[in-house]
Amino acid sequence: MSDAVSPSRPLARLNPLKDQRLWALGVALLGASALFVFWGGAWRSAYILELRVVKLAGLLCVGSAIGVATVLFQTLTNNRILTPTIMGFDALFLLMKTILVFVAGVLALPVLGATPTFLADTTVMILATLAIFAAVLRRARHDIQLLVLVGVIFGLLFRTLAGFLQRLLDPSQFAIVQADMFATFSGMDQRSLAVAAMVMACFFLWLASRYAVLDVMALGRDQARALGVPYDRLQLQILAAIAALVSVSTALVGPLAFLGLLVTALTHALMRSHRHGLLLPAASLISCLILVVGQTVFERVFSLNSSLAVVIEFCGGLLFLFLLARGHIK
Amino acid sequence: MIEISNLSYSIAGQQILDGINTHLQRNQITALIGPNGAGKSTLLGAIGRQVDINTGQIKIDGEDLQNITPQDQARLMAIVAQHLHVGSRIRVVDLLGFGRWPHAKGRLGPQDHFIIQSALAQFDLTDLENRFLDELSGGQRQRAFLAMAHAQDADWLLLDEPLNNLDLKHGRSLMAHLRQMVSEKSKSVVVVLHDLNFTLAWADQIVAMRDGQVVFAGPTTTVATSEALSDLYQTPIELLNLNGHFFAQYHR
Ligand SMILES: Nc1ncnc2c1ncn2[C@@H]1O[C@H](COP(=O)(O)OP(=O)(O)O)[C@@H](O)[C@H]1O
Ligand SMILES: [Mg+2]
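Residues numbered from 1 in each chain as written. Chains lettered and ligands numbered in written order. Predicted model: local features only at pLDDT ≥ 70, side-chain atom pairs only at ≥ 80, totals over all residues. Heavy atoms only, no water.

### Some words on the overall build of chain A
Then comes step 1: Along chain A, the regular secondary structure elements total 13 helices and zero strands.
Then comes step 2: Secondary structure of chain A in N-to-C order comes out as α-α-α-α-α-α-α-α-α-α-α-α-α.
Then comes step 3: Across the 330 residues of chain A, 53% fall into the buried class.
Then comes step 4: Within chain A, residue pairs in contact and separated by at least 24 positions form 78% of the contacts whose partners lie at least 6 positions apart. (Helix = DSSP H or I, 4+ residues; strand = E, 2+ residues; numbered from the N terminus. Buried < 20%, exposed > 50% of the residue type's maximum accessible area, 1.4 Å probe, protein only. Contact = heavy atoms within 4.5 Å.)

### Quick look at the site of ligand 1
Residues and elements named next belong to chain B.
Then comes step 1: Around ligand 1, the surrounding shell consists of Ile-11, Gln-14, Ile-16, Asn-36, Gly-37, Ala-38, Gly-39, Lys-40, Ser-41 and Thr-42.
Then comes step 2: If ligand 1 stood free it would expose 560 Å²; the protein chains cover 60% of that surface.
Then comes step 3: Elements with a contribution of two residues or more to the shell around ligand 1: β2 (14-24) and α1 (40-47).
Then comes step 4: At three residues, α1 tops the list of elements feeding residues into the shell around ligand 1.
Then comes step 5: Grouping the constituent residues of the shell around ligand 1 by class yields three nonpolar, six polar and one charged. (Near = heavy atom within 4 Å. Areas by Shrake-Rupley, 256 points an atom, 1.4 Å probe, with all protein chains shown as cover. Nonpolar A, V, L, I, M, F, W, Y, C, P; charged D, E, K, R; others polar.)

### A closer look at the sheet that holds strand β4 (residues 55-60) of chain B
Pairing between sheet strands relies on hydrogen bonds along the backbone, with the strands arranged either parallel or antiparallel.
All names here are of chain B.
Then comes step 1: Pairing is antiparallel in the open sheet, where four strands are placed in the order β2-β1-β4-β5. A strand with exactly one partner marks an edge of an open sheet, and here the two such strands are β2 and β5 (63-64).
Then comes step 2: As paired elements, strand β1 (residues 2-11) and β2 share seven bridges and run antiparallel to each other. Paired with Leu-7 across the bridge in β2 is Ile-20. (Pairing = 2+ DSSP bridges.)

### Structural notes on the coordination of the magnesium ion (ligand 2)
Residue and element names in this part refer to chain B.
Then comes step 1: Summarising the metal site, the magnesium ion (ligand 2) is bound by the protein donors Ser-41 (OG) and Gln-82 (OE1), whose distances to it range over 2.0 to 2.2 Å. You can see Ser-41 sitting in helix α1 and its partner Gln-82 sitting in the loop between β6 (77-80) and α3 (92-99), a full 41 residues away along the chain.
Then comes step 2: A relative accessible area of 25% means that Gln-82 is categorised as partly exposed. (Donors = N, O, S within 2.8 Å, 3.2 Å for Na, K, Ca; no water.)

### Examining the packing of α3 of chain B against helix α5 (residues 110-122) of chain B
Residues and elements named next belong to chain B.
Then comes step 1: Axis separation between α3 and α5 bottoms out at 10 Å; the angle between their running directions is 125°. Between α3 and α5, the angle is such that the two are oblique. The way α3 lies across α5 gives a crossing that is right-handed. Along its contact with α3, which presents Val-92, Val-93, Leu-96 and Gly-97, the element α5 presents Ile-116, Ala-119 and Leu-120.
Then comes step 2: When its residues are assigned to classes, the contact of α3 with α5 shows six nonpolar, one polar and no charged. (Axes fitted to C-alpha atoms, helices over the stretch in contact; angles between N-to-C directions. Parallel < 35°, antiparallel > 145°, perpendicular 65-115°, else oblique. Left-handed = near helix turned anticlockwise from the far one by under 90°.)

### A closer look at the nonpolar core
What tends to happen in soluble globular proteins is that the nonpolar side chains get buried as a cluster.
Then comes step 1: Counting residues in hydrophobic clusters, the biggest one holds 153 residues, and the most contacted among them are Ile-242 of chain A together with Ile-33 and Leu-133 of chain B.
Then comes step 2: Looking at this core element by element, the count peaks at 14 residues for helix α10 (residues 231-253) of chain A.
Then comes step 3: Core analysis: the next-biggest nonpolar cluster, separate from the first, contains 27 residues, Ile-4, Ile-47, Ile-60 and Met-209 of chain B among them. (Core = buried A, V, L, I, M, F, W, Y, C linked by side-chain atoms within 4.5 Å.)

### Re unusual backbone geometry
Residues and elements named next belong to chain B.
Then comes step 1: Phi at Asn-6 is positive, roughly 50°, even though this residue is not glycine.
Then comes step 2: Its identity as a non-glycine residue notwithstanding, Arg-49 has a phi of 60°, on the positive side.
Then comes step 3: Counting through the fold element by element, Arg-49 comes out in the loop between α1 and β4.

### A look at the side chain of Thr-70 of chain A
Residues and elements named next belong to chain A.
Then comes step 1: With respect to the helices, strands and loops of the structure, Thr-70 is situated in helix α2 (residues 46-77).
Then comes step 2: By relative accessible area, Thr-70 is classed as buried at 3%.
Then comes step 3: Residues contacting Thr-70, with those up to four places away along its chain left out, are Leu-82, Thr-83, Pro-84, Gly-260, Leu-261 and Thr-264.

### A few points about the sheet that holds strand β10 (residues 213-219) of chain B
All names here are of chain B.
Then comes step 1: Read from one edge of the open sheet, six strands run β6-β7-β8-β3-β9-β10, paired in mixed fashion. Of all strands in the sheet, those bounded by a partner on one side alone are β6 and β10. Across the sheet, the mean angle from the axis of one strand to that of its neighbour is 15°, orientation sign disregarded.
Then comes step 2: Relative to strand β7 (residues 156-160), β6 runs parallel, the two sharing four bridges. Paired with Ile-79 across the two strands is Leu-158, which belongs to β7.
Then comes step 3: Here helix α6 (residues 138-152) sits on the sheet and contacts β6 and β7; the angle it forms with β6, its principal contact strand, is near 175°.

### Things to note about empty space enclosed by the protein
A water-sized probe, rolled over the atoms, reveals where empty space remains.
Residues and elements named next belong to chain A.
Then comes step 1: Evaluated as defined, the whole model comprises four cavities of 30 Å³ or more.
Then comes step 2: Here the largest cavity is characterised by a volume of approximately 120 Å³.
Then comes step 3: Lining the largest cavity are 16 residues, with Ile-66, Thr-85, Val-246, Ser-249 and Leu-256 positioned closest to its centre.
Then comes step 4: For the lining of the largest cavity, the secondary structure elements donating two or more residues are α2 and α10.
Then comes step 5: When the residues that make up the lining of the largest cavity are grouped by side-chain class, the tally is nine nonpolar, seven polar and no charged. (1 Å grid on protein atoms, 1.4 Å probe; cavity = no way out; pocket = protein on both sides within 12 Å on 5 of 7 lines; lining within 4 Å. Points joined across faces, edges and corners; volume = space filled by probe spheres on them.)

### Let's talk about the UniProt feature "domain: ABC transporter" (unreviewed entry) in chain B
Then comes step 1: Mapped onto this numbering, the UniProt entry annotates "domain: ABC transporter" (unreviewed entry) at residues 2-236 of chain B.
Then comes step 2: Summarising residues 2-236 of chain B: 39% helix, 26% strand, and an end-to-end C-alpha distance of 32 Å. (UniProt positions renumbered as here; feature names shortened; annotations may be inferred.)

The following block contains the structure:
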């Protein structure tokens, strides 16, 4: 009971800035980012540098969005194998986007710029998520199998509906939607990236003052409420945050079902803590690290531009099956 | 005092609490007894606002429960449910830390650490403080949650079958501890008990329930009769007087 310095010790004051593991992850990410940007003497060309910095920014946005969204989602659902994408959040985003494009086409609205489009997509996504998942989560919270089932069915339903609507689109409208349908890390739009980064910064600021109450929420609804936490209100707010973060990552690179799972599994293995003040930064750092290192290796070493998503999904998918088989639901 | 008037609760067309009128007194140990499915857990849940009542009113010290904020409620009452599980994988000492949430909001000070340490000692958990909850036996986990409720330092303690899983020694020490909290710290305790001998030995008041209704209520010494208890549980129960202490004989 003598030293209360290391944050992994129970009840010690939480100070993420004193955690060596977080520092190590940060330094590793910094190194990987430098490697990604400067590989092959890129400093000689301002053009290449700019391209790579934009891409790096995109990877960091997507990485932290997926890492944080998955940790939050697992806290709300009290489990460690579900991720927002497994539960169909990304499919919902694509459906909402398709509907917006479709409606805009029918009403012959002028085509909006990237920024308003992104904001409109995200807003509609948040509202739709709150409407659907809040209702479902409230009923199925205690039954993880039911939750998975509902998520999978909703995901299928959203995808099918989106597919149906996409057939009704004209080719130029379809191209707008198609860009978000498959996970690729190339061709991220600079302006949507800036907006995405701003949206995320807002949510992260909002989260930064709430990491302690998240620890209480992780105990479960009854326990948290008995301790005076306004659980239901916070749950809705966090669902909105998750929806926005999923919107960011889906809009930027497309659906990545299993990256979040990979990230949270590694995060829990590394941090061995229930504290969100440690889990959230660790998850976003690990997620960014996977993306940046992976992209460096695939793009620079193997010159394979589009394989990273496939490999991440393959590894994450295997892990998912492994966790399911081991019965590791918590 | 907790005053319950005309409290009814039904779920899926089934009447679970049916017009409950009773009161739970301050500074007493009140035993909530009755057969399985009587609605004891549901009543406790209604007082703790874990189930949303359909009709009726619950007042705590004259204040309608609906008008009390969740934060104030957490300082007013601590609940230990019948079925205990938490979502996250945490250590015993962290669980107790959460008990201080209503007071410290995650910023534990020296006073909070002192309370946590004394709760660990009270409930014989000091050796287990760094264990994860899922590495404990049922009784040890039960004690961890009781210690958390103790650390919450609320006026009212609502305990649902706390003797479940506890061995003789820890069961007895829990009841002695509750008695001490009532007499020395002016706490009030409502506890669901199944063992009539514990009820007879420790409870000041009894509220007996069956089929969602209160069958009888009052001071233990006056309401706990052989006839009333036999009728409540629908099984023969004899009360034996041994040196002025009553014992229930219902085993055979
Ligand atoms: N979620 C629920 N849905 C339907 N019935 C329930 C639910 N919870 C409890 N019940 C029923 O309510 C009655 C009272 O339950 P409970 O309060 O747990 O009884 P006790 O704690 O006295 O054993 C029982 O008949 C039980 O079957
Ligand atoms: Mg019960």
